[in-house]
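The residues making up each chain are set out below.
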Amino acid sequence: MATRRDPITWFDALNVVLLTMVAAACLIPMIHVTALSFSSEGAILSGRVSLFPVGLQLQGYRTVFESAAMMRALVFTVYLTIVGTSVNVMITALGAYPLAKPDLVGRRVIWLLILFTMFFSGGLIPTFIVVRALGLLDTVWALILPGTIATFNLILMKTYFSGIPTSLAESARMDGASEIGILMRIILPLSTPIIATLTLFYGVGHWNQFFQALIYIQDPDKYTLQLRLQQLITDGIGFGPTVVFGRSDDIPVESVKAGAIMFATAPVLIAFPFLQKHFVKGALIGSLKE
Amino acid sequence: MARVFATIGLLALCTVTVFAGGGSEGHARLRVMIVERAEVPRDQGRLTDNPWTEFVQNEMAKLGVDVQYVPKGGSMVSHTVMMATNTAPDLAFTHGRLLFMKFAADGGLHDLGQYLPEYGPNIRTVLGEDHLRLGQIDGVQFAIPSRREIDARYTSFIRKDWLDALGLGIPTNRDELTAALRAFKDRNPGNVPAAELRPWGWFTDDPGTVFDSDFKLFDPMYSFLDHDPAANMGSLWPVRDGFRDFMRWLHGLYQEGLIEREFATDSFDIKTRHVVNGRVGFIHVPWDYLYAQNSGSVALNLARNVPGAEFVPVDVFPGPDGVYRNLRYLPTRFYLFSPRRSRVPEAAVAYMNWMLERENAWTLAFGRTGEQHTIRDGLPVFGDLQRYADTFGYISESLRILGDYPFGPTITTAVREQFRVNDFSGNDSRALAMALEHSFQEPVFQSRMNAMSRQGPGLIRIAERYWVRMITEPDFDAEFDEFIRRMNDRGMPTIIDERRAYLEQFGVN
């Protein structure tokens, strides 16, 4: 049966126009940077590049991909993102599950203590001292453990768990399942939307790690992609070996910078559409409590 | 002989250090900050572990010092965190003078002066007492200042092809410059669309840090002031005779449409775009702004976009006495210090001392003879520049924390010439020479200036705001008077009093 279409109202039209403009405001800078990454240095300096490459060249990307520093940063960031996100999601789930249970003894106090960290932190220097005292400096764990649980994400997951009928857990318990078994076999399989959402939140957070890496990481082999990107753009490190008194080669500096930005952004852009479906669902469900 | 004494002293130090728990048996362990300046090629290892760090470590081991390199990113935040948490290496450095002064004033640094006679005789003889004073606060040697070979800053450039088209000669003073700017606007020799024409472009959007030396129009400003180093030190430029005239001159140029209209809001990238597209007639910029040795060169891209276009360096800002003076950088790049928590400040001094041995300084600056270069007429000659970069250039600047080769500026200049790729018809050399001629430096304060640190940030905000208003608003006198009134309200007289007191106590440096 054919469905009847509602007539298009002025409100709909205005919405379409406004949302198109918002989408364009987000997209145009990306398209511009992409165009810069393929354009010649002269065209960039002269301001002739807008949405399409001018003076097409691939030297920018070649330089980025040939840069050992960029590739090391990529490998390290992928490692950090995978390990960090796994730890984050696992620990968040382990925290959210008991807190979602109304009969947990001291739940209110524990919850308040956790909420407290959302508004107040120890500050940069004390946190640094703790990280150093734990022997985490210059290790990947300095970028993972201090922020293992983001309180906001814990709230989302706890709210989601609270929405799962308790009768499911009770049936499992009657069948002899342990609490960890209930979590792993019953609750988590029913929670893929929120897991996908938090994976995206945590994953993007790790992918974009900059400030913590700046503070806790000294070894250039453990620089994150964003830290390396900042060094490339501000200090010019990452253009390959250079000579002392100026560059002898003809590297298109501006397009290398644009290429490096795309290099650092593309993986998240590629991953997002695949997680978007879960993301919208998970963020909505996790934010409501009936 | 000095080396022998230094070695004996260090061995004594090692004994103490071993008991204190540092280093391998009989050796002092020295942690040295190292900054990544270029990418380390894959076959060379890592920043902290490559043939050249190994070379230095082996040489220092002979002196009884185990060197361990600690990499450091480029942020000042890390410096502060490292100092605040006692994790800074035994030998660290910063390019920020204010940061170094703060560390020293807070009691965070060793007095290195006491170790110089025994462990650092080369430091005194090679760098010199005058230079070392840059690292002193209240007479205490809290840091060793590195050397900066080229301390030139700003040069003016004018479009010679435009002057030629108008039949004008090269301007030599402000009046002639003003006449040329007017001619550029009225007769438009480059046939630039009127809305795009900028007689004076790349114009600065802020007055810099008012109480430091980062003001981009110092040279034009000083052409209105009497050359008086005592007044530079004991006063502030907003109250100097001539400053009002300087601002009025800029105001007049802007109101006539001779300075780019959007100077306060355009970024320097956009300003450069106008230069590269041939819309600008005159600029006052860092002396090497036009001459990058790669495809990003402003001069080369301008010539490509506008055939025949040529900027030439010009001296147009003589002082009241007719002398062209230019501000130069301080002759130092880094302040090298040893944090108070370090137990081996002597070894830090010995490390720097080793770097200033003639032979070591040569190797750290140019590589090894026969490997990276050959010698002709006493100068290192680099045949294969890429090989040089791949086997040594990547780490040279990271290791050479005391600056360029200190035994002969002509050698460094000759070497620099070998790395020149583009030919700018000698304009770049002339620009450098002009920037250096009769150059002088802003005063350096070697005591903690409390009023300056307390009131300075507030005054900078006022200056930034009124800098634009004084130039762009129609009523110049009203804006200028308001500017001075606000500066006075926010404590400018206190700073002047403090500077005057400093001048009376220490004199002009």
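Residues numbered from 1 in each chain as written. Chains lettered and ligands numbered in written order. Predicted model: local features only at pLDDT ≥ 70, side-chain atom pairs only at ≥ 80, totals over all residues.

Chemist: So what exactly am I meant to see when it comes to the overall build of chain A here?
Modeler: Along the backbone of chain A there are 13 helices and zero strands. Listing every helix and strand of chain A by position from the N terminus yields α-α-α-α-α-α-α-α-α-α-α-α-α. Buried positions account for 35% of the 290 residues belonging to chain A. (Helix = DSSP H or I, 4+ residues; strand = E, 2+ residues; numbered from the N terminus. Buried ≥ 20, exposed ≤ 12 C-beta atoms within 10 Å, placed from the backbone.)

Chemist: Just checking my understanding: could you explain the overall build of chain B for this structure?
Modeler: In terms of regular secondary structure, chain B is built from 22 helices and 15 strands. Against the compact-globule benchmark of 23 Å for 509 residues, chain B has a radius of gyration of 25 Å, which places it among compact chains. In terms of overall dimensions, chain B has C-alpha extents of about 80 × 55 × 35 Å along its principal axes. Every one of the 509 residues in chain B was classed for burial, and the buried ones make up 43%. For chain B, contacts bridging at least 24 residues in sequence account for 79% of all contacts bridging at least 6. (Rg over C-alpha atoms; globule rule 2.2 N^0.38 Å. Contact = placed C-beta atoms within 7 Å.)

Chemist: Looking at this structure, I do not really get the nonpolar core. What am I missing?
Modeler: In a soluble, globular protein the nonpolar side chains are often hidden away together inside. Residues and elements named next belong to chain B. By size, the foremost hydrophobic cluster in this structure holds 91 residues, and its most contacted members are L30, V65, L336, F337, Y351 and M352. Looking at this core, the element that brings in the most residues is helix 15 (residues 345-355), giving eight residues. When sequence neighbours within four positions are dropped, the list of residues in contact with M352 reads G120, I123, I144, L336 and L402. Ranked by size, the runner-up nonpolar core spans 69 residues in total, among them A180, Y291, A463 and Y466. (Core = buried A, V, L, I, M, F, W, Y, C linked by C-beta atoms within 7 Å.)

Chemist: Got a minute to help me understand the sheet that holds strand 9 (residues 280-286) of chain B in this structure?
Modeler: In a beta sheet, neighbouring strands pair by backbone hydrogen bonds and run either parallel or antiparallel. All names here are of chain B. Read from one edge of the open sheet, four strands run 8-9-7-10, paired in mixed fashion. Looking at the sheet topology across the chains shown, the edges are occupied by strand 8 (198-200) and strand 10 (311-314). Taking the axes of each pair of neighbouring strands and ignoring which way they run, one obtains an average angle of 35 degrees across the sheet. Relative to strand 10, strand 7 (residues 154-159) runs antiparallel, the two being bridged by four bridges. Paired with R159 across the two strands is F311, which belongs to strand 10. Contacting strand 7 and strand 10, helix 19 (residues 427-436) crosses the sheet at an angle of about 20 degrees to strand 10. (Pairing = 2+ DSSP bridges. Axes fitted to C-alpha atoms, helices over the stretch in contact; angles between N-to-C directions.)

Chemist: Explain the domain arrangement of chain A to me, please; I cannot follow it from the model alone.
Modeler: By convention, interface size is frequently given as the accessible area that disappears when the constituent parts associate. Residue and element names in this part refer to chain A. Segmentation of chain A into domains returns domain 1 (10-45) and domain 2 (64-286). Measuring from the centre of the C-alpha atoms in domain 1 to the corresponding centre in domain 2 gives 28 Å. Listing elements by their share of the side of domain 1 that touches domain 2, those giving two or more residues are helix 1 (10-37) and helix 2 (41-45). Sorting elements by how many residues they give to the side of domain 1 that touches domain 2 places helix 1 first, with four residues. (Domains from an automatic or database assignment.)

Chemist: What is the right way to look at the domain arrangement of chain B in this model?
Modeler: All names here are of chain B. Segmenting chain B into domains produces domain 1 (2-149 + 332-399) and domain 2 (154-327 + 441-506). Averaged C-alpha coordinates put domain 1 and domain 2 at centres separated by 38 Å. With seven residues of domain 1 at the contact, the number on the domain 2 side is four residues. Taken together, the elements giving at least two residues each to the side of domain 1 that touches domain 2 come down to helix 4 (97-105) and strand 4 (136-137). Classifying every residue of the side of domain 1 that touches domain 2 by side-chain character gives four nonpolar, one polar and two charged. (Nonpolar A, V, L, I, M, F, W, Y, C, P; charged D, E, K, R; others polar.)

Chemist: Help me out: how do you make sense of the environment of P406 of chain B in this one?
Modeler: Residues and elements named next belong to chain B. Take P406: it is sitting in the loop between helix 17 (385-399) and helix 18 (409-418). Along the sequence, P406 and G64 sit 342 residues apart, while their C-alpha atoms lie 25 Å from each other. If we skip the residues at most four places from it in the chain, P406 touches V126, R147, L356 and A361.

Chemist: Just to check I follow, could you spell out the packing of helix 20 (residues 450-472) of chain B against helix 22 (residues 492-506) of chain B for this structure?
Modeler: Packed helix pairs are specified by the crossing angle of their axes together with the interaxial distance, meaning the distance between the axes. All names here are of chain B. Viewed as axis vectors pointing N to C, helix 20 and helix 22 meet at an angle of 145 degrees, and their least axial separation amounts to 9 Å. Of the two possible hands of crossing, helix 20 and helix 22 adopt the one that is left-handed. On the side of helix 20, the interface is formed by A451, M452, Q455 and L459, while helix 22 contributes M492, T494, I495 and E498. Here the contact of helix 20 with helix 22 is built from residues that sort into five nonpolar, two polar and one charged. (Left-handed = near helix turned anticlockwise from the far one by under 90°.)

Chemist: How do you make sense of the confidence of the model for chain B when you look at a structure like this?
Modeler: In regions of low pLDDT, the predicted coordinates are not meant to be interpreted in detail. Across chain B, the average pLDDT comes to 88, with 92% of residues at 70 or higher. Listed scores for the predicted complex are pTM 0.82 and ipTM 0.74. (pLDDT = per-residue confidence, 0-100.)

Chemist: Explain the packing of helix 4 (residues 68-99) of chain A against helix 7 (residues 151-162) of chain A here, please?
Modeler: Residue and element names in this part refer to chain A. The interhelical angle for the contact between helix 4 and helix 7, taken along N-to-C directions, is 50 degrees, at an axis separation of 8 Å. Classified by the angle between their axes, helix 4 and helix 7 sit oblique to one another. For the element pair helix 4 and helix 7, the recorded crossing hand is right-handed. Of the residues in helix 7, those in contact with T92, A93, G95, A96, Y97 and L99 of helix 4 are N153, L154, M157, K158 and F161. Here the residues of the contact of helix 4 with helix 7 are counted per class, giving seven nonpolar, three polar and one charged. (Parallel < 35°, antiparallel > 145°, perpendicular 65-115°, else oblique.)

Chemist: It is not clear to me how the sheet that holds strand 6 (residues 144-145) of chain B should be interpreted in this structure. Could you clarify?
Modeler: Residues and elements named next belong to chain B. An order of 3-12-6 is seen for the three strands of this open sheet, with the pairing classed as antiparallel. The open sheet terminates on both sides in strands that have one partner only, identified here as strand 3 (92-94) and strand 6. The sheet contact formed by strand 3 and strand 12 (residues 335-337) spans three bridges and is antiparallel. Within the sheet, the bridge partner assigned to A92 lies in strand 12 and is F337.

Chemist: Help me out: how do you make sense of the confidence of the model for chain A in this one?
Modeler: Residue and element names in this part refer to chain A. Across chain A, the average pLDDT comes to 85, with 89% of residues at 70 or higher. Helix 1 holds the highest mean pLDDT among the elements of chain A, 94, whereas helix 13 (residues 253-286) holds the lowest, 79. pLDDT under 50 marks residues 240-248. Its contacts with residues more than four places away, or in other chains, come to 34 contacts.

Chemist: Which parts of the structure should I look at to understand helix 21 (residues 476-489) of chain B?
Modeler: Side chains three or four residues apart in an α-helix point the same way, a direct result of the helix having 3.6 residues per turn. Residue and element names in this part refer to chain B. Its 14 residues place the ends of helix 21 20 Å apart at the C-alpha level, agreeing with the 20 Å of an ideal helix rising 1.5 Å per residue. F476, F480, F483 and M487 are the residues of helix 21 that are buried. Taken end-on, helix 21 shows its buried residues confined to a sector of 60 degrees, consistent with a single buried face. Exposed positions of helix 21 whose direction lies more than 90 degrees from the buried face are D477, A478, D481, R485 and D489. Contact partners of the buried residues in helix 21: helix 12 (243-255), helix 20 and helix 22. Immediately downstream of helix 21, the backbone of G491 shows phi near 110 degrees, a positive value. (Expected span 1.5 Å × (residues − 1). Arc of directions from axis to C-beta.)

Chemist: Would you mind going over the environment of I170 of chain B with me for this structure?
Modeler: Residue and element names in this part refer to chain B. Mapped onto the elements of the fold, I170 is located in the loop between helix 8 (160-166) and helix 9 (174-187). Taking the number of C-beta atoms within 10 Å as the measure of exposure, I170 has 15 and is therefore partly exposed. Residues I170 and P313, 143 residues apart in the sequence, show an inter-C-alpha distance of 9.6 Å. If we skip the residues at most four places from it in the chain, I170 touches L163 and V314.

Chemist: Explain unusual backbone geometry here, please?
Modeler: Excluding glycine, a negative phi dihedral is what most residues carry, and trans is how most peptide bonds are arranged. Residue and element names in this part refer to chain A. Although it is not a glycine, D138 sits at a positive phi angle of roughly 65 degrees. You can see D138 is positioned in the loop between helix 6 (124-133) and helix 7. By C-beta crowding, D138 is classed as partly exposed, having 17 other C-beta atoms within 10 Å.

Chemist: I would appreciate a short explanation of the pairing of strand 7 of chain B in the present structure.
Modeler: When a strand is regular, its side chains alternate between the sheet's two faces. Residues and elements named next belong to chain B. Counting buried residues in strand 7 gives six out of six residues, a clear majority hidden from the surface. Burial along strand 7 is two-sided: Y154, S156 and I158 facing one way and T155, F157 and R159 facing the other are all buried. Bridge count for strand 7 against strand 9 is five bridges, and the pairing is antiparallel. The residue of strand 9 that forms the bridge with T155 is V285.

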